[in-house]
Number of protein chains: 2
Amino acid sequence: MLTEPPSGTRDFLPAEMRLRQRVFATIRETFERHGFEPMDTPAFERLETLMGKYGEEGEKLIFKILRRGERGAQGEADFALRYDLTVPLSRLFAHHRHALPRPFRRYQVGPVWRADRAGRGRYRELFQCDLDIVGAESILAEVEVIGTLAACYHAVGLPGVTFHVNSRKVLMAILEAYAVPSEQIGTATIALDKLDKLGAAGVAAELTERGLSQPVVAAIAADLASADLDSRARARAGASERGRAALAELDDLCGLLAPVLPESTTTRFAPFLARGLDYYTGCIFEVYHPRLPLAIGAGGRYDNLLSSFAAETIPACGGSFGVDRVLLLLQEQQQAATVGRSLVMVGVFSDDLRASALELARTLRSDGIPTELYCGAGQLGKQLKAAQGANVTCFVFQGPDETARGEAMVKVLATREQEAVPLGQLVSRLKTRLG
Amino acid sequence: MLTEPPSGTRDFLPAEMRLRQRVFATIRETFERHGFEPMDTPAFERLETLMGKYGEEGEKLIFKILRRGERGAQGEADFALRYDLTVPLSRLFAHHRHALPRPFRRYQVGPVWRADRAGRGRYRELFQCDLDIVGAESILAEVEVIGTLAACYHAVGLPGVTFHVNSRKVLMAILEAYAVPSEQIGTATIALDKLDKLGAAGVAAELTERGLSQPVVAAIAADLASADLDSRARARAGASERGRAALAELDDLCGLLAPVLPESTTTRFAPFLARGLDYYTGCIFEVYHPRLPLAIGAGGRYDNLLSSFAAETIPACGGSFGVDRVLLLLQEQQQAATVGRSLVMVGVFSDDLRASALELARTLRSDGIPTELYCGAGQLGKQLKAAQGANVTCFVFQGPDETARGEAMVKVLATREQEAVPLGQLVSRLKTRLG
């Protein structure tokens, strides 16, 4: 029978898991220090909760769950695995909106599932660490979200990230300036969002394919290919009142952000950044690191998503820390690929002495020393070998002689030292060895 | 649109979530102190990995995932949500068996999914905290698993639990003593496992329904209805050599356990305990608390499960801490229903002073004070009201006067005190307030 995990999902063995736990703890601590509260939602939602939220590309990637019983046998699905943590938050907030504070600042850490093609940094089960501020119209919400994420990259030991920042409103103004007809703005956006992947010529080809007129494609292509793309885009957006207001808002955001961000963190105006998800309405951003061509974080403002669950308009803004890709970079950096073990193994001299071995383990544990009791077969020699295989720091046992003298034998595996230690000094001696 | 979570699943709001995080942290800490290492597997597995492992009742409750694309549209499933953490562990161990130590002691914390009827303490998304020792034939593995679980109930503040202990081998010997034909042992076991739920008469009726002969049912029913059921069962098991060996093993286990268990924890011989899952082979147990008629923990030995994934027999033993039901009991106990907040909100005096409010928040955070910056609309009065609604400890702001004097205004929400604090003393003053 196949024993690897399903394609795009991963098993985490202890050494890697310890690193993950350490990084997740740092993220939680950073989020809480920035005034975000923990929250959780189920792994699956009603199918209709998720449909119509992620755009045509996203929707195809939703994992659907068969109904139980008769209707499942006919292929009917009722639930679906969550695709992100933003839509579940919106459903939850709508449900509890009279009990929750406004603004509501929450974070949520957990897996989401996307039936995407697997590859380096691309998973079908990926972990997100999201933070959102619901009920906040001020641009300060964007500053808080981006500032907290930036603090996270810094705290986990990944400096040098860049926030690519744009606004859906700027993008709309630019497209209007190109005279893209309003019914083609959606399809044009999908093509433009691929600029990093396809390059200027590729985007132009895709725009043509998607039915945009030749003069429009030519104007866009000329700007995309130019060396001062950003200032050209700025000029396009500045052609309309709405575009100027959107640019001013983005400048305000970047101005407020500058003193908040850690030293190694930069922001960059990315006028063609669109973000695939349907629900964004204002500022949008993605985070990049020089060593990975995929975003390691993203987010934005979604002022209308809540209104699909509640009979009122509730502004909201949030972001997601791409912990799996950050861990990939940290592991490639070698500096923290795994986290070691630090514990004691108690050996069992003979069946007669099982109770005293258990008592020894109990004592060490009650003094806070991580201790495993050997539960396999075999004599001390085999046990010691198992201790080596398990990366144990010290192996401790009591034979009849040690018991008679009120001692325990301690073997330090790294140095092969061995010493008989009086029981009264055992805990402090082991604590020194464990460091 | 419906906004509650799907039936049998739950949203966790911050106050409850903080309690859950605290309890989960205690469990992890206890597991690690007992020499178990963290590990994780995906939420879903290949359908064939899970089939044939949980018995006929269990298998019906597996959530299946539709294939993507064409074949999904035809109702075909390829993956399924994990039903427990034991089968995924077995698959993982088989896959990595040449790299992992033996015995391999791991723990895993995470949700599993069962399409069960929802009710008090019954969830369709439930969280398990499992610990297992793979590659350990010694009864010491059972002692370690049960001892660690017992330490967990104690550590999270739920004393007074009882471990109901049996062995599949004892149960087999008892059924043989009743002359249950070997082909009816499976079906008889399912009926006997319902003794707590159905009572003696109910089990007798179900045994008859399941086709057991009248003399057999009469003998079983007489024992079940008797006041000294346990000693009668003991006598039945003791009628065969294998039964006596199985009883001796169970006595050995209980003898070794007694000095290890915390004071308030007891064990009880439960001769008709069967555990529904197919994979158990030796010692089995369930954990109960007087205030809940459902098991709050369970486990046992499964020496043959690994061989369905690896071409070798690998003994294993494990247990599961029923954290959701434990949390239910803790919450009903009222002593720890929620965990409060302890943080500062920085108010924004005016748009002109946004940057200085951000700087104030940045300073407090860098000194380790959990701080949220107000991101909603409205003047200070409205902000203060929002701070009250968000259970903030202190509200801090700087208007032009405070800024000129190098001070910040601090309002303590619980006492309505207000004082101007020089910036140099602000951090220490707030730390005192936060406690």
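Residues numbered from 1 in each chain as written. Chains lettered and ligands numbered in written order. Predicted model: local features only at pLDDT ≥ 70, side-chain atom pairs only at ≥ 80, totals over all residues. Heavy atoms only, no water.

## A look at the overall build of chain A
Short version of the rule: The helix and strand labels rest on DSSP assignments: H or I over at least four residues marks a helix, E over at least two residues marks a strand, and numbering proceeds from the N terminus. Note that the radius of gyration is over C-alpha atoms, with the globule rule given as 2.2 Å times the number of residues to the power 0.38. Relative accessible area decides the class of each residue, using a 1.4 Å probe on protein chains only: under 20% of the type maximum gives buried, over 50% gives exposed, and in between gives partly exposed. Contact between two residues is taken to exist if any of their heavy atoms lie within 4.5 Å; hydrogens are not considered. Each accessible area is a Shrake-Rupley estimate made with a 1.4 Å probe; only the visible protein chains count as cover when residues are assessed.
Summing up its helical and strand segments, chain A has 17 helices and 16 strands in all. Taken over C-alpha atoms, the radius of gyration comes to 28 Å for chain A, far larger than the 22 Å a tight globule of 435 residues would show. Once the C-alpha set of chain A is aligned to its principal axes, its extents read approximately 95 × 60 × 45 Å. Taking all 435 residues of chain A together, 58% fall into the buried category. Counting only contacts in chain A whose residues sit at least 6 apart along the sequence, the fraction spanning at least 24 positions is 67%. Summed over its atoms, the accessible surface of chain A is roughly 16700 Å², and 51% of this surface lies on carbon and sulfur atoms.

## A few points about the sheet that holds strand E8 (residues 266-269) of chain A
Quick reminder of the rule: Here a strand pair is declared whenever DSSP counts at least two bridges between the two strands.
Taken in spatial order, the eight strands line up as E1-E5-E6-E11-E10-E9-E7-E8 (chain A) in an open sheet, and their pairing is mixed. Strands at the two margins of the open sheet, each flanked by one partner only, are strand E1 (37-38) and E8 of chain A.

## Considering the pattern of salt bridges
All names here are of chain B. The condition that has to hold: Here, a salt bridge means any Lys or Arg side-chain nitrogen found within 4 Å of an Asp or Glu carboxyl oxygen.
Tallying each qualifying case throughout the model produces 72 salt bridges over all chains. Of the charged contacts, one joins Arg 33 and Glu 29 as a salt bridge, the two residues approaching to 3.1 Å between their closest N and O atoms. Of this pair, Arg 33 and Glu 29 both sit in helix H1 (residues 14-33), separated by four residues, roughly a single helical turn. Across the pair Glu 417 and Arg 433 runs a salt bridge whose closest N-O atoms are separated by 3.2 Å.

## Re the packing of H1(B) against helix H13 (residues 323-332) of chain B
Residue and element names in this part refer to chain B. The condition that has to hold: For helices, the fitted axis covers only the stretch in contact; all axes are lines through C-alpha atoms, and the angles between them, taken along N-to-C directions, range from 0 to 180 degrees. Here is the rule for angles: anything less than 35 degrees is roughly parallel, anything more than 145 is roughly antiparallel, 65 through 115 is roughly perpendicular, and the remaining ranges are oblique. A clockwise turn of the near helix away from the far one marks a right-handed crossing, whereas an anticlockwise turn of less than a right angle marks a left-handed crossing.
Packing of H1 against H13 brings their axes to within 11 Å, and their N-to-C directions diverge by 120°. Here H13 runs oblique to H1, going by the angle between their axes. For H1 against H13, the interelement crossing comes out right-handed. Contacts from Glu 16, Leu 19, Arg 20, Val 23, Phe 24 and Ile 27 of H1 reach H13 at Val 323, Asp 324, Leu 327, Leu 330 and Gln 331.

## Remarks on the interface of chain B and chain A
Basically, it comes down to this: The term buried area means the drop in 1.4 Å probe accessible area that two parts suffer when joined, counted for both and summed. Polar contacts here mean pairs of N or O atoms no more than 3.5 Å apart (in protein, one a potential hydrogen donor and the other a potential acceptor; neighbouring residues in sequence count only if both atoms are side-chain atoms). Any residue that is not Ala, Val, Leu, Ile, Met, Phe, Trp, Tyr, Cys, Pro, Asp, Glu, Lys or Arg is counted as polar, Gly included; the first ten are nonpolar and the last four charged.
Taken residue by residue, the interface counts 97 residues in chain B and 97 residues in chain A. When the two sides are added together, the surface that chain B and chain A hide from each other amounts to roughly 8200 Å², 63% of it contributed by carbon and sulfur. Its largest share of buried area at the contact with chain A, chain B owes to B:Met1, B:Arg365 and B:Cys375, together 8% of the area lost on that side. In this assembly, chain B and chain A are joined by eight salt bridges. Between the two partners, chain B and chain A, sit 34 residue pairs in polar contact (both at pLDDT 80 or more). With seven residues, H1(B) is the largest single contributor of residues to the side of chain B that touches chain A. Broken down by class, the residue content of the side of chain B that touches chain A amounts to 51 nonpolar, 17 polar and 29 charged.

## So, the relation of the copies chain B and chain A
Stated precisely, the cut-off is as follows: In superposing the copies, a least-squares fit is computed on C-alpha atoms, taking residues whose pLDDT is at least 70 in both.
Superposition of chain B onto chain A requires a rotation of 180° combined with a translation of 0.0 Å along the rotation axis, giving an RMSD of 0.0 Å. Here the two chains are linked by the operation of a two-fold rotation axis. Identified as the residue of chain B closest to the rotation axis by C-alpha distance is B:Gly75, at 1.7 Å. Looking at the interface residues of chain B, 100% of them are also at the interface in chain A, so both copies use one shared face.

## Structural notes on the environment of B:Ala357
Residue and element names in this part refer to chain B. Looking at where Ala 357 falls in the secondary structure, it is placed in helix H14 (residues 354-366). Judged by its relative accessible area of 5%, Ala 357 falls in the buried class. Counting along the chain gives 39 residues from Ala 357 to Val 396, while the straight-line C-alpha distance between them is 9.3 Å. In this structure Ala 357 touches Val 346, Gly 347, Val 348 and Leu 373, once residues within four positions along its chain are discounted.

## Concerning empty space enclosed by the protein
Keep this limit in mind: Each cavity reported here is a set of points on a 1 Å grid over the protein atoms alone in which a 1.4 Å probe fits but cannot get out, each pocket an open set with protein on both sides within 12 Å along at least five of seven lines, and each lining residue one with an atom within 4 Å of a point. Grid points are joined across faces, edges and corners, and a volume is the space filled by probe spheres set on the points.
Here the structure, examined in full by the defined rule, presents two cavities of 30 Å³ or more. If you trace the largest cavity, you find it lined by A:Val346, A:Gly347, A:Val348, A:Phe349, A:Leu353, A:Ser356, A:Ala357, A:Leu360 and A:Gln398. With three residues, helix H14 (residues 354-366) of chain A is the single largest residue contributor to the lining of the largest cavity. Residues belonging to the lining of the largest cavity are distributed by class as follows: six nonpolar, three polar and no charged. In this structure, the second largest cavity encloses a volume near 30 Å³. Together, A:Leu256, A:Pro259, A:Val260, B:Ala355, B:Leu358 and B:Glu359 line the second largest cavity.

## Some remarks on the nonpolar core
Stated formally: As used here, the term nonpolar core means buried Ala, Val, Leu, Ile, Met, Phe, Trp, Tyr and Cys residues forming a set that is joined through side-chain atoms within 4.5 Å.
The biggest cluster of nonpolar side chains holds 103 residues, and the ones touching the most others in it are B:Tyr153, B:Phe163, B:Phe272 and B:Phe321. For this core, the element with the highest residue contribution is helix H6 (residues 140-156) of chain B, accounting for 10 residues. Beyond its immediate chain neighbours, meaning those up to four positions away, B:Tyr153 contacts B:Leu158, B:Val161, B:Phe163, B:Val287, B:Ile296, B:Gly297, B:Ser320, B:Phe321, B:Gly322 and B:Val326. Judged by nonpolar contacts, the second largest core, of 102 residues, contains A:Phe31, A:Val156, A:Val180 and A:Leu195.

## Focus: the pairing of strand E7 (residues 162-167) of chain A
Residue and element names in this part refer to chain A. E7 sits mainly inside the fold: five of its six residues count as buried. In this sheet, E8 lies alongside E7 in parallel orientation, the contact comprising four bridges. Bridge pairing in E8 links Phe 163 to Thr 267. Direction of pairing for E7 relative to strand E9 (residues 283-289): antiparallel, over a ladder of six bridges.

## Remarks on the packing of aromatic side chains
Let me state the cut-off plainly: Centres within 6.5 Å make a pair out of two Phe, Tyr or Trp rings, where for Trp the six-membered ring is used; the pair is then stacked when the planes are under 30 degrees apart, edge-to-face when over 60, and tilted otherwise. A ring is scored as having a charge over it whenever the NZ atom of a lysine or the CZ atom of an arginine sits within 6 Å of its centre and within 35 degrees of its normal.
If you walk through the whole model with that rule in mind, you get 28 aromatic pairs over all chains. A connected cluster of aromatic rings, assembled from ring pairs, spans A:Tyr54, A:Tyr83, A:Tyr279, A:Tyr280 and A:Tyr302. Above the plane of the ring of A:Phe127 lies A:Arg20, whose end atom (NZ or CZ) is 4.9 Å from the centre. Between the NZ or CZ atom of B:Arg234 and the centre of the ring of B:Phe269, over which it lies, the distance is 5.5 Å.

## Focus on the confidence of the model for chain A
Residues and elements named next belong to chain A. Spelled out, the test is: pLDDT expresses, on a scale from 0 to 100, how confident the predictor is about each individual residue.
Residues at a pLDDT of 70 or more form 98% of chain A, whose mean pLDDT is 93. For chain A, per-element mean pLDDT is lowest for helix H4 (residues 70-73), which scores 80, and highest for strand E2 (residues 44-46), which scores 98. Among the scores for the predicted complex, ipTM is 0.92 and pTM is 0.93.

## Some details on the side chain of A:Glu372
Along the chain, the position of A:Glu372 falls in strand E13 (residues 371-373). Sequence-distant contacts of A:Glu372, defined by excluding residues within four places in its chain, comprise A:Arg341, A:Leu343, A:Val344, A:Met345, A:Val346, A:Arg365, B:His34, B:Gly35, B:Arg105 and B:Glu144.

## Notes on the sheet that holds strand E16 (residues 418-422) of chain A
In a beta sheet, neighbouring strands pair by backbone hydrogen bonds and run either parallel or antiparallel. Residue and element names in this part refer to chain A. Ordered in space as E13-E12-E14-E15-E16, the five strands form an open sheet in which the pairing is mixed. Looking along the sheet, the strands with just one partner apiece sit at the ends: E13 and E16. Within the sheet, the average angular offset between the axes of one strand and its neighbour, ignoring direction, is 25°. Its contacts with the sheet put H14 on strand E12 (344-346), E13 and strand E14 (394-397), and the angle it makes with E13 is roughly 165°. Contacting E12, E14 and strand E15 (407-412), helix H15 (residues 380-389) runs over the sheet at an angle of about 155° to E14.

## Looking at the environment of B:Gln425
Note that B:Gln425 resides in helix H17 (residues 423-434). In this structure the side chain of B:Gln425 is engaged in a polar contact, spanning 3.0 Å, whose partner is the side chain of B:Arg429.

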